Amino acid sequence: MTINLVLIPGALATADFWCHQERYFQGRMSIHHAPNFSDHSISAMAKEMINHLPEKFVLTGFSLGGYIALELMRYIPHRIEKLILINSSARAISQQARLERLRALHLINKGKFDFLIVIFNSSLIFSMD
């Protein structure tokens, strides 16, 4: 039986985020990535994914991807065999996290988006090798 692994990256990340894991699981599982989303609400992103997913799968979400994964659990729990959340939570975000997000939005509005990308990418250096 083939195991289908669905990977949802966090905000500002693409499917490339999972390159180490994909290489590690190559030949052991069928890897599926989240589509490029056309909406900005977590609920809409989850709904957008449903028709692109295998019938049964293991679902992994990182950060924002974890929130989308939890939303998918609300809509199609019978299709999700296992759920893995990385750097995510089933709880609402803290006041500290809310303030950090507002700061990031402020920087983006001031044209400092590249600065945020550098910080984000430097925090993602990990591997399963």
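Data block above holds the structure.
**Some words on the overall build of the protein chain**
Next, step 1: Of the regular secondary structure elements, the protein chain holds five helices and four strands.
Next, step 2: Counting from the amino terminus, the protein chain carries its helices and strands in the arrangement β-α-β-α-β-α-β-α-α.
Next, step 3: In the protein chain, which comprises 129 residues, the share counted as buried stands at 33%.
Next, step 4: Taking as baseline every contact in the protein chain between residues at least 6 positions apart, the subset at least 24 positions apart corresponds to 63%.
Next, step 5: Counting every atom, the protein chain has about 8500 Å² of accessible surface; 55% of that belongs to carbon and sulfur.

**Description of the pattern of salt bridges**
Next, step 1: Here the structure, examined in full by the defined rule, presents one salt bridge.
Next, step 2: Among the ionic pairs, Arg74 bridges to Glu71, the shortest N-O distance being 3.5 Å. Here Arg74 and its partner Glu71 are both found in helix H3 (residues 64-75), three residues apart, which amounts to about one turn of the helix.
Next, step 3: Classification of Glu71 by relative accessible area gives buried; the value is 12%.

**So, the packing of helix H2 (residues 42-50) against H3**
Next, step 1: Two elements in contact, H2 and H3, have axes whose closest approach is 9 Å; the angle formed by their N-to-C orientations is 65 degrees. Judged by the inter-axis angle, H2 sits roughly perpendicular to H3. Handedness of the H2/H3 crossing: right-handed. Taking contact as the criterion, the partners of Ile42, Ser43, Met45, Ala46, Lys47, Met49 and Ile50 in H2 are, on H3, Leu64, Tyr67, Ile68, Glu71, Leu72 and Tyr75.
Next, step 2: Considering only residue class, the contact of H2 with H3 consists of ten nonpolar, one polar and two charged.

**Details of helix H4 (residues 95-109)**
Next, step 1: A rise of 1.5 Å per residue sets the reference length of H4, with its 15 residues, at 21 Å; its end C-alpha atoms lie 21 Å apart and thus fit the reference within 8%.
Next, step 2: With its phi angle positive at about 85 degrees, Gly111 sits one or two positions after the end of H4.

**Comments concerning the sheet that holds strand S4 (residues 80-86)**
Next, step 1: Read from one edge of the open sheet, four strands run S2-S1-S3-S4, paired in parallel fashion. Both outer strands of the open sheet, strand S2 (30-33) and S4, are each paired with one neighbouring strand and no more. Going from strand to strand, the sheet's axes swing by 20 degrees on average, the running direction of each strand aside.
Next, step 2: As judged from the six bridges shared by strand S3 (residues 57-62) and S4, these two strands associate in the parallel manner. Across the sheet, residue Thr60 finds its bridge partner in S4, namely Ile84.
Next, step 3: The strands touched by H3 within the sheet are strand S1 (4-8), S3 and S4, with S4 carrying the most contacts at an inclination of about 155 degrees.

**A look at the nonpolar core**
Next, step 1: Of all hydrophobic cores here, the largest spans 15 residues; its most connected members are Ile8, Met49, Leu59 and Leu72.
Next, step 2: Put simply, the parts of the chain that give this core at least two residues each are S1, H2, S3 and H3.
Next, step 3: Sort the elements by how many residues they give to this core and H2 lands first, with four residues.
Next, step 4: Those residues in contact with Met49, other than ones at most four positions away along the chain, are Val6, Ile8, Ala34, Pro35, Phe37, Ile68 and Leu72.
Next, step 5: Core analysis: the next-biggest nonpolar cluster, separate from the first, contains nine residues, Leu5, Phe17, Val58 and Phe62 among them.

Here is what the cut-offs are and how they apply
Residues numbered from 1 in each chain as written. Predicted model: local features only at pLDDT ≥ 70, side-chain atom pairs only at ≥ 80, totals over all residues. Heavy atoms only, no water. Helix = DSSP H or I, 4+ residues; strand = E, 2+ residues; numbered from the N terminus. Buried < 20%, exposed > 50% of the residue type's maximum accessible area, 1.4 Å probe, protein only. Contact = heavy atoms within 4.5 Å. Areas by Shrake-Rupley, 256 points an atom, 1.4 Å probe, with all protein chains shown as cover. Salt bridge = Lys/Arg side-chain N within 4 Å of Asp/Glu carboxyl O. Axes fitted to C-alpha atoms, helices over the stretch in contact; angles between N-to-C directions. Parallel < 35°, antiparallel > 145°, perpendicular 65-115°, else oblique. Left-handed = near helix turned anticlockwise from the far one by under 90°. Nonpolar A, V, L, I, M, F, W, Y, C, P; charged D, E, K, R; others polar. Expected span 1.5 Å × (residues − 1). Pairing = 2+ DSSP bridges. Core = buried A, V, L, I, M, F, W, Y, C linked by side-chain atoms within 4.5 Å.

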